[in-house]
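Residue strings, one per chain:
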Amino acid sequence: MQTWFEEYKTIIIFLHIISAVVWVGGMIAIKFAVHPVIQSIEEPKIKLGKTLHIVGRLFNLVMPFIALSFICALLIIKGVGYTGGFIHLKEAIWTIMTLNYTYMYIKRILAQKSFDLGDFASAKEHMRLLPTILLPINIVLGIVAIFLGVMLRG
Ligand code: HEM
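Residues numbered from 1 in each chain as written. Predicted model: local features only at pLDDT ≥ 70, side-chain atom pairs only at ≥ 80, totals over all residues. Heavy atoms only, no water.

Draft legend 1. Fine view of the side chain of Ser19. With respect to the secondary-structure elements, Ser19 resides in helix 1 (residues 3-38). For Ser19, a relative accessible area of 0% translates into the label buried. Here the side chain of Ser19 touches Leu15 through a polar contact of 2.6 Å, landing on its backbone oxygen. What Ser19 contacts, discounting residues up to four positions off in sequence, is Phe65, Leu68 and Ser69. (Helix = DSSP H or I, 4+ residues; strand = E, 2+ residues; numbered from the N terminus. Buried < 20%, exposed > 50% of the residue type's maximum accessible area, 1.4 Å probe, protein only. Polar contact = N/O pair within 3.5 Å; in protein donor to acceptor, adjacent residues only side chain to side chain. Contact = heavy atoms within 4.5 Å.)

Below, the structure written as structure tokens:
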């Protein structure tokens, strides 16, 4: 193990784990606690407006943690000298999750633009796959990444 890593490993691993907590936990909270309650709002315009606002806040909140998780992962790999399949699998999972996140981020911006122009049908269409497919995919991948992290630790 590298000596610099020995010195900073607690903080680096802590930052890697807290990033996972915020990113994956944030998505789970929105999907299972916030989204069902939003569905109970009867006025469609308010429902969509609030959904866009909440999802926008989540996406901005997790953005720095996505970068942080990867930077810390690289430091851990260099510091410990990890090699092998699980590392590449985690890299692949992170990449898919980040691409999916970027797609959702863009879709939300497009939905917000349509919403602001009063085109609610188009705004709704942009957001359609988020709660049913895209967010669940990232939740499952995030949980797999956490499990692989525990396995890597041994
Ligand atoms: C996709 C988002 C990711 C999540 C949610 C995540 C989650 C976690 C968690 C919770 C742990 C702690 C396990 C424990 O303490 O027992 C961990 C450890 C680890 N992760 Fe990640 N991780 C992610 C991405 C990555 C990436 C991209 C890599 C490398 C390419 C990586 C490499 C590692 C390594 C090497 C460990 C072991 C640390 C140690 O030796 O204690 N992770 N990960």
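Draft legend 2. Spotlight on the coordination of the iron atom of the ligand. The iron atom of the ligand binds to the protein through His16 (NE2) and Lys90 (NZ), with metal-donor distances spanning 1.9 to 2.1 Å. Here the iron atom of the ligand binds six donor atoms, and the angle range of 80 to 177° at the metal identifies the geometry as octahedral. One end of the pair, His16, is in helix 1; the other, Lys90, is in helix 3 (residues 85-116), with 74 residues separating them in the sequence. (Donors = N, O, S within 2.8 Å, 3.2 Å for Na, K, Ca; no water. Tetrahedral: all angles 85-135°; square planar, octahedral: opposite > 155°, others 65-115°.)

Draft legend 3. Seen up close, a nonpolar patch on the surface. Together, Trp4, Tyr8, Ile11, Phe14, Ile71 and Leu75 make up an exposed nonpolar region whose accessible area comes to about 570 Å². Residue assignment for the nonpolar patch shows that the elements contributing at least two residues are helix 1 and helix 2 (44-80). Relative to the elements of secondary structure, Ile11 occurs in helix 1. (Patch = residues over 30% accessible without salt bridge, like charges linked within 9 Å, V, L, I, M, F, W, Y side chains within 5 Å. Areas by Shrake-Rupley, 256 points an atom, 1.4 Å probe, with all protein chains shown as cover. Salt bridge = Lys/Arg side-chain N within 4 Å of Asp/Glu carboxyl O.)

Draft legend 4. Fine view of the site of the ligand. Around the ligand there are 22 residues in total, and His16, Tyr82, Lys90, Glu91 and Arg153 lie nearest to it. A distance of 2.9 Å is found between a nitrogen atom of the ligand and a side-chain nitrogen or oxygen belonging to His16. Between Lys90 and the ligand, the recorded distance is 2.5 Å, taken from a side-chain N or O atom to a nitrogen atom. Sorting the residues of the shell around the ligand by element identifies helix 1, helix 2, helix 3 and helix 5 (129-153) as the ones contributing at least two each. (Near = heavy atom within 4 Å.)

Draft legend 5. Geometry of the packing of aromatic side chains. Per the counting criterion, the structure on display carries six aromatic pairs. Summarising the aromatic geometry, the rings of Phe59 and Tyr101 are spaced 5.5 Å apart at their centres and angled 70° between planes, so their arrangement reads as edge-to-face. With Phe59 in helix 2 and Tyr101 in helix 3, the pair connects residues that are 42 residues apart, well separated along the chain. You'll find Phe59 and Tyr101 in the same group, each marked buried. Centroid distance Phe70 to Trp94: 4.3 Å. Interplanar angle 35°. Geometry classified as tilted. Within this pair, whereas Phe70 is found in helix 2, its partner Trp94 is found in helix 3, the two being separated by 24 residues in sequence. One aromatic cluster in this structure is built from Phe59, Tyr101 and Tyr105. Between the NZ or CZ atom of Lys31 and the centre of the ring of Phe32, over which it lies, the distance is 5.8 Å. (Phe/Tyr/Trp six-rings, centres within 6.5 Å; stacked < 30°, edge-to-face > 60°. Lys NZ or Arg CZ within 6 Å of the ring centre and 35° of its normal.)

Draft legend 6. Representation of the layout of surface pockets within the structure. Reported here for the largest pocket is a volume of approximately 740 Å³. Considering the residues around the largest pocket, the lining is formed by 29 residues, among which His16, Ile76, Lys90, Gly149 and Leu152 are closest to the centre. Within the residue set of the lining of the largest pocket, elements represented by two or more residues are helix 1, helix 2, helix 3 and helix 5. Of the volumes computed, that of the second largest pocket is approximately 490 Å³. Forming the boundary of the second largest pocket are 21 residues, of which His35, Gln39, Leu48, Thr51 and Met127 lie nearest the centre. Residue assignment for the lining of the second largest pocket shows that the elements contributing at least two residues are helix 1, helix 2, helix 4 (120-127) and helix 5. Among the elements that take part in the lining of the second largest pocket, helix 2 stands out by supplying seven residues, more than any other. Taken together, the residues that form the lining of the second largest pocket break down as twelve nonpolar, three polar and six charged. (1 Å grid on protein atoms, 1.4 Å probe; cavity = no way out; pocket = protein on both sides within 12 Å on 5 of 7 lines; lining within 4 Å. Points joined across faces, edges and corners; volume = space filled by probe spheres on them. Nonpolar A, V, L, I, M, F, W, Y, C, P; charged D, E, K, R; others polar.)

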